[in-house]
Amino acid sequence: MTKTWHRPTLWLAVVMAVGAVGCAVAMVLDGRVLQGSSLWAKPFKFAVSLAVYSATLSWMLSLPHRARRWTSGAATVIAVIMFVEVGLIALQAGRGMFTHYNTSDDALNQFVQKTFATAIPAMFLTNVVLALVLSFQRFARPDVRLAVRSGLWLAILGMASGYLMVGPHERVPAVDAGGREVELVGGHSVGVPDGGPGLPLTGWSTTGGDLRVPHFFGMHGLQVMVLLVLGLAALGLAERVRTRLVAVAALGYAGLFALLVWQALRGEPLVHPGGTTWAALGGLVVVVAAGAGLALRSGRAVPPPVRQPVPQR
């Protein structure tokens with residue numbers, strides 16, 4: 001079956017998986033830290049994330065659909081950019097330097113920043129093209145089709161939330177792992193400086209808002225929706241029910257993504273939600289549960305087909 005998968009994204013998944021293992025080893029052997037975390041934590045997280053994302057794209061493009069040259073070309077561009085992105089992140093980690101928001105006049109750092117400024121918007125727009133091509137044609141079963149389309153647009157929302165980290169910001173002095181003083185413009189934390197107390201592995205802030213949370217959550221909406229539709233099929237539910245459950249899940253996921261963005265922008269930590277956040281989450285859970293209940297009832301409401309009697313001769 002893998003013969004029909006999109007080769008560039010499939011190979012990228014393999015390369016990212018190997019790179020993640022290498023970064024994990026480097027985290028053990030290299031004791032240098034940057035803002036309280038291992039230098040190799042960032043390339044490790046990016047490699048794992050993009051390995052999963054590219055593998056999902058590769059499977060998705062194996063589904064029979066029209067305009068395969070467009071979708072294959074778009075996915076190849078995405079794979080190349082993701083490979084370059086993680087490579088540059090690993091390069092900066094090896095040099096002990098900040099990857100993002102770094103205003104250092106170091107020549108190689110300036111090249112990295114200019115490459116990011118060009119490549120990341122290009123990857124975002126290419127994902128939009130891919131989603132548009134698949135949004136206006138029929139392919140696969142209705143439930144799978146809806147899962148792929150909604151997952152792609154959720155991922156695009158997640159990518160778009162990353163621009164909140166690079167909006168207008170004051171210059172913040174910092175020191176990299178090599179003891180060099182630099183100024184950073186941008187950041188993922190809200191209400192607290194970057195590099196404060198965070199969750200294990202992810203590093204998400206436990207004292208303030210963190211825009212990496214909705215960014216990650218949205219980016220991997222595609223994997224969640226695909227796994228959901230495969231799980232529903234394994235349960236043997238009717239196609240009509242599966243499709244409606246996927247629609248409910250997609251709307252609920254989008255609502256949760258919006259809630260996470262709102263929470264982060266208010267400077268509230270993910271692990272310490274306030275009463276307002278709990279109330280909004282509770283309302284969302286009620287709406288999604290009601291929608292799921294209606295979807296399940298619709299399956300039971302369909303009467304079994306009535307066999308017509310065969311006329312006697």
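Residues numbered from 1 in each chain as written. Predicted model: local features only at pLDDT ≥ 70, side-chain atom pairs only at ≥ 80, totals over all residues. Heavy atoms only, no water.

**Here's the deal with the overall build of the protein chain**
Link 1 in the chain: Looking only at helices and strands, the protein chain has nine helices and six strands in total.
Link 2 in the chain: For the protein chain, the spread of C-alpha atoms along the principal axes amounts to about 95 × 50 × 35 Å.
Link 3 in the chain: Counting only residues that meet the buried cut, the protein chain has 44% of its 313 residues in that class.
Link 4 in the chain: When contacts within the protein chain are restricted to residue pairs at least 6 apart in sequence, long-range pairs at least 24 apart make up 67% of them. (Helix = DSSP H or I, 4+ residues; strand = E, 2+ residues; numbered from the N terminus. Buried < 20%, exposed > 50% of the residue type's maximum accessible area, 1.4 Å probe, protein only. Contact = heavy atoms within 4.5 Å.)

**Here we look at the packing of helix α6 (residues 212-219) against helix α7 (residues 221-234)**
Helix packing for two helices is described by the angle between their axes and how far apart those axes are.
Link 1 in the chain: Where α6 meets α7, the axes come as close as 4 Å, and the angle between the chain directions of the two elements is 40°. Relative to α7, the element α6 is oriented oblique. Contacts between α6 and α7 involve Phe217, Gly218 and Met219 on the former and, on the latter, Gly221, Leu222 and Gln223.
Link 2 in the chain: The residue makeup of the contact of α6 with α7, split by class, is three nonpolar, three polar and no charged. (Axes fitted to C-alpha atoms, helices over the stretch in contact; angles between N-to-C directions. Parallel < 35°, antiparallel > 145°, perpendicular 65-115°, else oblique. Nonpolar A, V, L, I, M, F, W, Y, C, P; charged D, E, K, R; others polar.)

**Describing the layout of surface pockets**
One water molecule sets the probe size; rolling that probe over the atoms shows where empty space is left.
Link 1 in the chain: Approximately 220 Å³ is the volume found for the second largest pocket.
Link 2 in the chain: Surrounding the second largest pocket, 13 residues form its lining, Val172, Gly186, Gly187, Pro193 and Asp194 being those nearest its centre.
Link 3 in the chain: Per-element accounting of the lining of the second largest pocket gives the leading share, three residues, to strand β3 (residues 171-175).
Link 4 in the chain: Here the lining of the second largest pocket is built from residues that sort into six nonpolar, five polar and two charged. (1 Å grid on protein atoms, 1.4 Å probe; cavity = no way out; pocket = protein on both sides within 12 Å on 5 of 7 lines; lining within 4 Å. Points joined across faces, edges and corners; volume = space filled by probe spheres on them.)

**Topic: the nonpolar core**
Link 1 in the chain: Residues Leu57, Trp59, Met60, Leu130, Val148 and Leu152 are the most contacted members of the largest nonpolar core, which totals 69 residues.
Link 2 in the chain: Ranked by the residues each element gives to this core, the list is headed by helix α8 (residues 239-265), at nine residues. (Core = buried A, V, L, I, M, F, W, Y, C linked by side-chain atoms within 4.5 Å.)

**Let's talk about the packing of helix α1 (residues 7-29) against helix α3 (residues 68-94)**
Link 1 in the chain: The interhelical angle for the contact between α1 and α3, taken along N-to-C directions, is 20°, at an axis separation of 9 Å. If you check the angle between α1 and α3, you find them roughly parallel. Pair α1 / α3 crosses with left-handed handedness. Together, Pro8, Thr9, Leu12, Val15 and Met16 of α1 and Ala75, Thr76, Ala79, Met82, Phe83 and Val86 of α3 make up the contact between the two elements. (Left-handed = near helix turned anticlockwise from the far one by under 90°.)

**Quick look at the pattern of salt bridges**
Link 1 in the chain: If you walk through the whole model with that rule in mind, you get eight salt bridges.
Link 2 in the chain: The salt bridge partner of glutamate 183 is arginine 171, with a shortest N-O separation of 3.2 Å. Of this pair, glutamate 183 sits in strand β4 (residues 181-185) while arginine 171 sits in strand β3; the two residues are 12 residues apart in sequence, bridging distant segments of the chain.
Link 3 in the chain: Residue classification places arginine 171 among the exposed positions, given a relative accessible area of 53%. (Salt bridge = Lys/Arg side-chain N within 4 Å of Asp/Glu carboxyl O.)

**Considerations on empty space enclosed by the protein**
Link 1 in the chain: Counted under the stated rule, the structure contains one cavity of 30 Å³ or more.
Link 2 in the chain: In this structure, the largest cavity encloses a volume near 40 Å³.
Link 3 in the chain: Taken together, Asp210, Val213, Pro214, Leu260, Gln263, Ala264, Glu268, Pro269 and Leu270 form the lining of the largest cavity.
Link 4 in the chain: Sorting the residues of the lining of the largest cavity by element identifies α6 and α8 as the ones contributing at least two each.
Link 5 in the chain: Among the elements that line the lining of the largest cavity, the one with the most residues is α8, at three residues.

**Some words on the pairing of β3**
Link 1 in the chain: Where β3 and β4 come together, five bridges link them in antiparallel fashion. Bridge pairing in β4 places alanine 174 opposite valine 182.
Link 2 in the chain: Here β3 folds back onto β4, and the loop between the two strands holds five residues, one of which, glycine 179, carries a positive phi near 80°. (Pairing = 2+ DSSP bridges.)

**Overview of α8**
Link 1 in the chain: If you check α8, its first and last C-alpha atoms are 39 Å apart, about what 27 residues at 1.5 Å a residue would give, namely 39 Å.
Link 2 in the chain: One or two residues past the end of α8 sits glycine 267, with phi positive at roughly 75°. (Expected span 1.5 Å × (residues − 1).)

**Things to note about the side chain of threonine 126**
Link 1 in the chain: Position of threonine 126 among the secondary structure elements: in helix α4 (residues 107-135).
Link 2 in the chain: Other than its neighbours up to four places away in sequence, threonine 126 contacts Ala74, Val77 and Ile78.

**Remarks on the environment of valine 271**
Link 1 in the chain: Within the secondary structure, valine 271 sits in the loop between α8 and α9 (275-300).
Link 2 in the chain: You can call valine 271 partly exposed: its relative accessible area is 38%.
Link 3 in the chain: In the structure, valine 271 is positioned 70 residues away from leucine 201 in sequence and 15 Å away in space, judged by C-alpha atoms.
Link 4 in the chain: Not counting residues within four places of it along the chain, the set of residues in contact with valine 271 comprises Leu199 and Thr206.

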